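What follows is the residue order along each chain.
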Amino acid sequence: MYQFLDDLNADQRAAATAPLDGVLLVLAGPGTGKTKVITARVAYLMLHYKLPPEDIVVATFTKKAANEMVERLDVLLAQFPEVDHKKLMIGTFHSICVRILRRYGRLIGLNSGFKIADEADSRHLVKKAVKTLSQEGVDLASKEQDVKSYKNYISSHKNKAQLPDDVPSAKSANHRNKYLDIYREYQEELLRNNVIDFDDCLLLTHTLLKKHPYCMGRVKHVLVDEFQDTNAVQLGLVYMLSGYNESHLHNVTVVGDPDQSIYGFRNAEAENFFRMEDYYRQKGVTVSKVSLTQNYRSTSNILNLAEQLMGQQFGKREQKKLKSNKKVNLPVELFSSADNKVEAISISKKIKELVDGAVFRCSDVAILLRAGFLSRVIEQELIHSNLPYQVVHGRSFWENKEIRLMMNFMRAVASDMDWLGYSRCLEFHVAGLGPKSMQIIEDLFMEQRAHNEPGNVLAILEGIAEGRVKGIMAKSVAGIKEVLDIIKSSRKLLLDDKTEQEQLSTMFNNIVTKTKLVSIIAKERADKHDSPEEEIEANLNELQNQLVSFNIQEETLLQDAYETEDLIEVADESFDALAETSASLDKLTQFLDSVYLYEETKDAKKTAPKITITTVHGSKGLEWPVVFVPALCDGILPSQYALNTSLDEAKRQAALDEERRCMYVAVTRAKERLFLSYHHRALGFSMGDQAKTKSRFLNLPKGFVQSSKAAMLKGPPLNLSQPTSRFANVMRSSPSLNTTYKGFQPASKLTGNAFTPEGLTKISKPTKKRLGMGRPLRFLKK
DNA sequence: CACTAAACTATTTTT
DNA sequence: TAGTTTAGTG
């Protein structure tokens with residue numbers, strides 16, 4: 001019928017072509033072609049059932065997943081020009097919600113010009129709230145740790161759809177009320193700054209649709225990817241989005257795998273699978289389930305180990321019977337090391353063997369870690385042994401100081417209302433401007449806001465420059481004048497008679513030059529890095545490129561999509577419009593808006609032949625021919641938190657189960673070779689070295705892993721009271737000692753003749769991303 | 001009142 | 001290690 005359906009196996013096809021009406025749960029284990037199925041289903045809904053793309057909502061969890069799906073649809077639908085899949089409402093939950101709020105937020109009193117508060121803004125406002133409250137006499141701790149716990153409190157309530165007024169009153173403890181006070185004050189702060197935080201994106205949409213469900217009344221089908229990662233609010237959104245259109249009531253497709261739920265800490269609830277089933281069954285809606293069991297990724301040894309691991313879950317779980325399609329099947333290897341440095345050495349030696357044997361390339365190898373900080377030791381060792389690697393950290397690029405500063409200066413250029421942006425610029429650039437002076441300026445701004453005006457930071461600063469404000473030191477006034485100049489001159493550059501690209505890049509350079517950003521930040525890092533300027537400039541270049549090459553999103557998506565149009569007063573113009581505007585200024589504004597919600601964080605050079613180091617969470621949805629999972633120690637995986645004995649039994653089990661799922665995700669990333677390891681001792685920071693024991697998850701029956709004892713250090717058992725770091729250093733620097741280290745067997749011995757290098761190169765292409773759409777199809781066919 | 005230098009302390013995962 | 005908090009100085 002459709003060619004893309006021929007490329008699916010029977011189960012996949014059943015899922016993709018399931019009836020339009022009713023609820024479909026697709027239980028897709030790792031490597032079973034989940035994305036392929038959901039993409040095919042979307043195509044089928046549009047082609048076969050003739051659903052208009054603008055009536056279909058496809059919600060994903062990450063930007064990457066959304067982008068990938070669009071890419072696949074591009075290929076899939078190339079031959080069906082009559083279907084315009086660009087009109088699909090596809091994106092992360094957050095981005096879809098923001099689009100809805102921009103358009104209909106007014107109905108719940110939201111100012112349509114709102115901005116998204118990023119993590120830094122949000123933290124700042126929590127701190128602010130704490131400060132305000134302590135000034136009012138409430139006794140509050142404001143250490144970093146405490147701020148974190150306040151944020152957690154707020155977030156967890158928001159994720160349960162509880163605004164301050166909805167929080168159930170605490171029975172006894174009075175610290176609870178303090179938390180609630182902070183929550184209230186924090187919400188006020190958001191409002192005063194005309195921003196909403198990440199959780200609000202979802203929560204406010206939830207509130208909106210509860211009151212005004214007709215806003216999204218024409219939605220005919222809702223699809224959710226990685227459903228196990230949804231929280232209560234997201235589940236509610238699915239119910240509401242699919243619960244209004246009478247001709248297409250409760251038409252939902254969700255795809256996911258409860259075993260891969262590793263975002264519980266962020267209030268994801270894998271139980272949503274069961275909840276949803278109950279909810280719709282009670283409504284009399286047909287609920288069908290399809291399980292995908294054919295695995296196209298891993299060898300059966302890897303799959304067996306994974307299944308064995310999950311068999312130890314405390315919570316209920318359905319057994320999986322994943323079938324491998326791989327002919328070759330090498331054992332999963334396990335080794336232990338005296339300490340984490342030795343472990344790193346073993347890993348690098350092993351990688352060297354695999355790579356030198358021309359069996360794998362560096363880009364085929366990934367090292368997956370429970371936590372980011374574990375990468376340090378391994379990185380050092382990889383540098384030492386000259387192995388190229390890349391650390392893929394979620395948003396580290398955006399967290400660089402130079403990037404954050406540039407973003408803030410550009411925010412100020414883009415909007416006079418953006419106090420949060422302006423304030424960071426002032427703090428950075430104006431000498432002599434401390435908390436007291438900042439407070440004076442902020443008060444002026446908030447006063448304007450209180451009078452229901454948008455607020456205009458630039459005007460206030462001009463007032464200061466003209467000496468109309470008391471309490472600001474002369475030295476600071478001079479600095480403020482400079483900031484004014486930077487902002488104004490940058491704006492002028494955006495109105496120049498040049499191309500958009502030129503305008504943006506000269507504006508960018510203008511800020512960089514006038515703030516002397518590079519030299520100032522370089523100075524701060526001088527004692528830690530060799531050539532900090534280089535790195536800073538490279539980062540700035542990257543940002544500049546992203547800005548200049550940014551394409552304006554189709555924000556008009558919702559514009560014409562709704563018949564209910566006349567029912568709803570259309571959102572008014574944002575009142576933030578600057579006196580003079582230009583295409584490049586619009587572009588700048590959109591760029592700033594988009595960064596946190598739409599823009600995919602670049603995963604370094606995809607083509608570079610490098611080893612990938614990333615966290616287990618960061619590895620989700622990806623795959624590599626060779627995977628190392630080091631540091632499988634109690635206290636790391638499972639993490640210390642899960643081992644906390646002060647938790648009650650149910651919570652402890654739930655936490656342990658999530659940790660186990662973490663390991664499940666890690667091991668199921670591997671296609672051909674999987675190496676597990678742990679160390680007996682962690683050489684650490686100031687807190688001193690810690691003795692470690694083998695992770696409880698490694699207590700497996702015989703036969704699932706092959707221990708390679710050779711990786712253990714030869715020599716006397718470690719004396720734990722002696723400084724081990726020196727020991728490790730000797731190991732590393734002394735060749736004679738190194739020879740006693742046996743390391744791994746040569747790759748040839750392990751692989752035997754079953755694997756020829758030629759045979760392997762065919763299937764050992766790197767990450768999923770590079771496979772794109774065409775490749776896996778061809779691969780699966782054979 | 002702001003700035004600097006020394007001291008401290010916490011290390012998960014992220015839209 | 002690095003980011004933040006503090007105490008002491010100008």
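Residues numbered from 1 in each chain as written. Chains lettered and ligands numbered in written order. Predicted model: local features only at pLDDT ≥ 70, side-chain atom pairs only at ≥ 80, totals over all residues. Heavy atoms only, no water.

Novice: Quick question: what am I supposed to make of the overall build of chain A here?
Specialist: The secondary structure content of chain A amounts to 33 helices and 19 strands. When the 782 residues of chain A are sorted by exposure, 57% land in the buried category. Intrachain contacts of chain A at a sequence separation of at least 6 include 81% that bridge at least 24 residues. Accessible area for chain A stands at about 34,800 Å²; split by element, carbon and sulfur atoms hold 51% of it. (Helix = DSSP H or I, 4+ residues; strand = E, 2+ residues; numbered from the N terminus. Buried < 20%, exposed > 50% of the residue type's maximum accessible area, 1.4 Å probe, protein only. Contact = heavy atoms within 4.5 Å. Areas by Shrake-Rupley, 256 points an atom, 1.4 Å probe, with all protein chains shown as cover.)

Novice: Would you mind showing me how to read the environment of Glu442 here?
Specialist: Relative to the helices and strands, Glu442 resides in helix α18 (residues 435-450). The class of Glu442 is buried, set by a relative accessible area of 9%. Sequence-wise, Glu442 and Leu420 are 22 residues apart; in three dimensions their C-alpha atoms are separated by 9.6 Å. What Glu442 contacts, discounting residues up to four positions off in sequence, is Lys128 and Trp419.

Novice: Sorry, what's going on with unusual backbone geometry here?
Specialist: In this model, Leu637 is joined to Pro638 through a cis peptide bond whose omega is 5 degrees. Residue position: Pro638 is located in the loop between β15 (624-629) and α26 (640-643). Even without being a glycine, Asn267 presents a positive backbone phi close to 70 degrees. In this structure, Asn267 sits in the loop between β7 (252-256) and α11 (272-282).

Novice: Could you clarify how one ought to interpret the pairing of strand β16 (residues 670-679) in this entry?
Specialist: Here is the key point about a regular strand: its side chains alternate between the two faces of the sheet. Among the ten residues in β16, ten count as buried, and that is most of the element. Bridge analysis of strand β11 (residues 333-337) against β16 gives five bridges, and the strand direction is parallel. For Ser337, the partnering residue across the bridge sits in β16 and is His679. (Pairing = 2+ DSSP bridges.)

Novice: Help me understand the packing of aromatic side chains in this model?
Specialist: Two aromatic rings, taken as a pair, are described by how far apart their centres are and by the angle between their planes. Within this structure, the stated rule accounts for 16 aromatic pairs. Consider the rings of Tyr2 and Tyr44, whose centres lie 6.2 Å apart with planes at 90 degrees: the pair is edge-to-face. Of this pair, Tyr2 sits in the segment before α1 (3-6) while Tyr44 sits in helix α3 (residues 34-47); the two residues are 42 residues apart in sequence, bridging distant segments of the chain. In this structure Tyr44 comes out as buried when scored by relative accessible area, which is 5%. When the centroid spacing of 5.2 Å and the interplanar angle of 75 degrees are considered together, the rings of Tyr150 and Tyr179 count as edge-to-face. Within this pair, whereas Tyr150 is found in helix α7 (residues 144-158), its partner Tyr179 is found in helix α8 (residues 175-192), the two being separated by 29 residues in sequence. Among the aromatic side chains, those forming a connected cluster through ring pairs are Tyr2, Phe4, Tyr44, Tyr49 and Phe80. The ring of Phe114 is capped by Arg102, whose NZ or CZ atom sits 4.1 Å from the centre of that ring. (Phe/Tyr/Trp six-rings, centres within 6.5 Å; stacked < 30°, edge-to-face > 60°. Lys NZ or Arg CZ within 6 Å of the ring centre and 35° of its normal.)

Novice: Could you clarify how one ought to interpret the environment of Lys283 in this entry?
Specialist: Assignment of secondary structure puts Lys283 in the loop between α11 and β8 (287-292). In this structure, the C-alpha to C-alpha distance between Lys283 and His250, residues 33 residues apart in sequence, is 9.5 Å.

Novice: Would you mind going over the side chain of Gln12 with me for this structure?
Specialist: Counting through the fold element by element, Gln12 comes out in helix α2 (residues 10-16). Residues within four places of Gln12 in sequence aside, it is in contact with Asp7, Thr32, Gly33, Val37, Leu292 and Tyr296.

Novice: Hey, could you run me through the sheet that holds β15 in this one?
Specialist: Two pairing modes exist for strands in a sheet, parallel and antiparallel, and in both the strands are linked by backbone hydrogen bonds. Within the open sheet, the seven strands sit side by side as β13-β14-β12-β15-β16-β11-β19. Their pairing is parallel. Looking at the sheet topology across the chains shown, the edges are occupied by β13 (389-392) and β19 (706-707). With two bridges joining them, β11 and β19 adopt parallel strand pairing. Directly across from Glu333, in β19, lies its bridge partner Gln706. With respect to the sheet, helix α13 (residues 340-356) is in contact with β11, β12 (365-369), β14 (611-615), β15 and β16, its orientation differing from that of β16 by roughly 155 degrees. Those strands touched by helix α27 (residues 649-667) are β12, β15 and β16, and its axis lies near 135 degrees from that of β16. (Axes fitted to C-alpha atoms, helices over the stretch in contact; angles between N-to-C directions.)

Novice: I keep staring at the sheet that holds strand β6 (residues 221-224) and nothing clicks. Help me out?
Specialist: An order of β3-β2-β6-β7-β1-β8 is seen for the six strands of this open sheet, with the pairing classed as parallel. Because the sheet does not close on itself, it has two edges, and the strands there are β3 (89-92) and β8. Direction aside, neighbouring strands of the sheet carry axes that sit 10 degrees apart on average. Taken together, the four bridges between strand β2 (residues 56-60) and β3 define a ladder with parallel strand orientation.

Novice: Hey, could you run me through the nonpolar core in this one?
Specialist: Grouped burial of nonpolar side chains is what soluble globular proteins tend to show. The biggest cluster of nonpolar side chains holds 104 residues, and the ones touching the most others in it are Met410 and Leu588. In terms of nonpolar packing, the next biggest core, distinct from the first, is built from 64 residues, Ile262, Ala344, Ala655 and Leu656 among them. (Core = buried A, V, L, I, M, F, W, Y, C linked by side-chain atoms within 4.5 Å.)

Novice: What is the right way to read the pairing of β7 from this model?
Specialist: Most of β7 is tucked away: five of the five residues are buried. The side-chain alternation of β7 yields two buried faces, one formed by Val252, Val254 and Gly256 and the other by Thr253 and Val255. As paired elements, β6 and β7 share three bridges and run parallel to each other. Along β7, the bridge assignment pairs Leu223 with Thr253.

Novice: I tried to follow the packing of helix α17 (residues 419-429) against helix α20 (residues 474-494) on my own but got confused; where do I start?
Specialist: Running from N to C, α17 and α20 cross one another at 125 degrees; their axes reach a closest spacing of 9 Å. Regarding the angle of α17 to α20, the classification is oblique. Judged by the sense of rotation from one axis to the other, the crossing of α17 with α20 is right-handed. Together, Tyr422, Leu426 and His429 of α17 and Gly479, Ile480, Glu482, Val483, Ile486, Ile487 and Arg491 of α20 make up the contact between the two elements. Here the residues of the contact of α17 with α20 are counted per class, giving six nonpolar, two polar and two charged. (Parallel < 35°, antiparallel > 145°, perpendicular 65-115°, else oblique. Left-handed = near helix turned anticlockwise from the far one by under 90°. Nonpolar A, V, L, I, M, F, W, Y, C, P; charged D, E, K, R; others polar.)

Novice: Any chance you could explain the side chain of Gln187 here in plain terms?
Specialist: Looking at where Gln187 falls in the secondary structure, it is placed in helix α8. A relative accessible area of 18% means that Gln187 is categorised as buried.

Novice: For this particular structure, what's the right way to read helix α6 (residues 119-135)?
Specialist: Along an α-helix, a turn takes 3.6 residues, which lines up residues three or four apart on a common side. Taking 1.5 Å as the rise per residue, α6 with 17 residues should run 24 Å; its terminal C-alpha atoms sit 24 Å apart, in good agreement. Along α6, the residues classified as buried are Asp121, Ser122, Leu125, Val126, Lys128, Ala129, Val130 and Leu133. Here α6 starts with a cap whose side-chain oxygen sits 2.8 Å from the backbone nitrogen of Ala120, and that cap is Asp118. (Expected span 1.5 Å × (residues − 1). Polar contact = N/O pair within 3.5 Å; in protein donor to acceptor, adjacent residues only side chain to side chain.)

Novice: Where do I start with the environment of Asp55 in this structure?
Specialist: Locating Asp55 in the fold gives a position in the loop between α3 and β2. A C-alpha to C-alpha distance of 29 Å links Asp55 and Arg266, two positions 211 residues apart in sequence. Apart from the residues within four sequence positions on either side, Asp55 is in contact with Arg218, Val219, Lys220 and His221. Side-chain polar atoms of Asp55 contact the side chain of Lys220, separated by 2.6 Å.

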